[in-house]
Amino acid sequence: MDEETDLALLKVSGATFAPLPLGDSDTLRPGQLVFAFGSPLGLDNTVTMGVVSAVGRQLEPDDPMVYIQTDAPINPGSSGGPLVNAQGQVVGINTLILSQGGGNEGLGFAAPSNIVAAVYDQLKAHGRVRRGTIGAVVQSITPVLAAALQLPLDRGALVADVDAGGPAAKGG
């Protein structure tokens, strides 16, 4: 399992199961139709429909994980189910909701399929996810930070510090 992405790889013995094809989550755009499959509140085989609300959504400014935000109803029990595009491709794995009352308020989040594929490959090959390090502290650029630093874009990353003796320092 990988705690950072909240994903796990399980081996299921028995009959041969046909998987849904993975789609390219990098091609998702706000407004695209998606379907969330799961078992909310123990109700098996449930499907809900909505749109992609945002892509690359970080829940905290320096959170390393980004999500697909959708208004497709995702409720407790739907985590781990697929988020599927109109072409029948899995574009995400339903992960969490933000809610004041504990139910769907139109703020559902899914791990993007491209991240899921990378985590799957590493878990299968190594039993864990190996993350590289360059020896630098990287900070997400927010609109407020971009305005303060007079940057031309309000997104991306900023190298805030370099660890002495680390790979970034050695590389100049």
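Above this note sits the structure.
Predicted model only: the values in this text are computed from it and were never measured.

Draft legend 1. Molecular detail of helix α1 (residues 113–126). End to end, α1 covers 20 Å across 14 residues, agreeing with the expected 20 Å (1.5 Å per residue, within 8%). Residues of α1 that are buried include every one of S113, V116, V119 and L123, and no others. For α1, the angular spread of buried residues about the axis comes to 120°, placing them on one side. In the segment just after α1, G127 is the residue with positive phi, at about 80°.

Draft legend 2. The sheet that holds strand β6 (residues 108–112), seen in detail. Reading around the circumference, β1-β2-β3-β6-β5-β4 is the order of the 6 strands in this closed barrel, with antiparallel pairing throughout. Averaged over neighbouring strand pairs, the angle between their axes works out to 45° when direction is ignored. Bridge analysis of strand β3 (residues 67–70) against β6 gives 3 bridges, and the strand direction is antiparallel. Bridge pairing in β6 places I68 opposite A110. Against the sheet, α1 touches β5 (90–97) and β6, its axis set at about 50° to β6.

Draft legend 3. Just the pairing of strand β1 (residues 33–38), in detail. Residues V34, A36 and G38 of β1 are buried on one face, while the alternating residues L33, F35 and F37, pointing to the opposite face, are not. Of the strand pairs in this sheet, β1 and strand β2 (residues 46–57) are connected by 6 bridges, and their pairing is antiparallel. Note on β2: the bridge partner recorded for A36 is T48. Sheet topology note: the β1/strand β4 (residues 82–85) ladder contains 3 bridges and is antiparallel. Bridge pairing in β4 links F35 to V84.

Draft legend 4. A look at the environment of M1. Relative to the helices and strands, M1 resides in the segment before β1. When its relative accessible area of 65% is taken as the criterion, M1 is described as exposed. The sequence separation of M1 and R128 amounts to 127 residues, and the corresponding C-alpha distance is 6.8 Å. Apart from residues no more than four positions distant in its own chain, M1 is found in contact with L7, A8 and L123.

Draft legend 5. Inspection of the nonpolar core at higher detail. In terms of nonpolar packing, the biggest core is built from 12 residues, these being L7, M65, Y67, V84, V90, I93, F109, A111, V116, V119, L123 and V129. Those elements that provide at least two residues to this core are β5, β6 and α1. The element contributing the most residues to this core is α1, with 3 residues. Apart from the residues within four sequence positions on either side, M65 is in contact with E4, T5, R57, Q58, A111, P112 and I115. Counting 10 residues, the second-largest nonpolar core is a separate cluster that includes L28, V34, A36 and I68.

Reading guide: rules and limits
- Residues numbered from 1 in each chain as written.
- Predicted model: local features only at pLDDT ≥ 70, side-chain atom pairs only at ≥ 80, totals over all residues.
- Heavy atoms only, no water.
- Helix = DSSP H or I, 4+ residues; strand = E, 2+ residues; numbered from the N terminus.
- Expected span 1.5 Å × (residues − 1).
- Buried < 20%, exposed > 50% of the residue type's maximum accessible area, 1.4 Å probe, protein only.
- Arc of directions from axis to C-beta.
- Pairing = 2+ DSSP bridges.
- Axes fitted to C-alpha atoms, helices over the stretch in contact; angles between N-to-C directions.
- Contact = heavy atoms within 4.5 Å.
- Core = buried A, V, L, I, M, F, W, Y, C linked by side-chain atoms within 4.5 Å.

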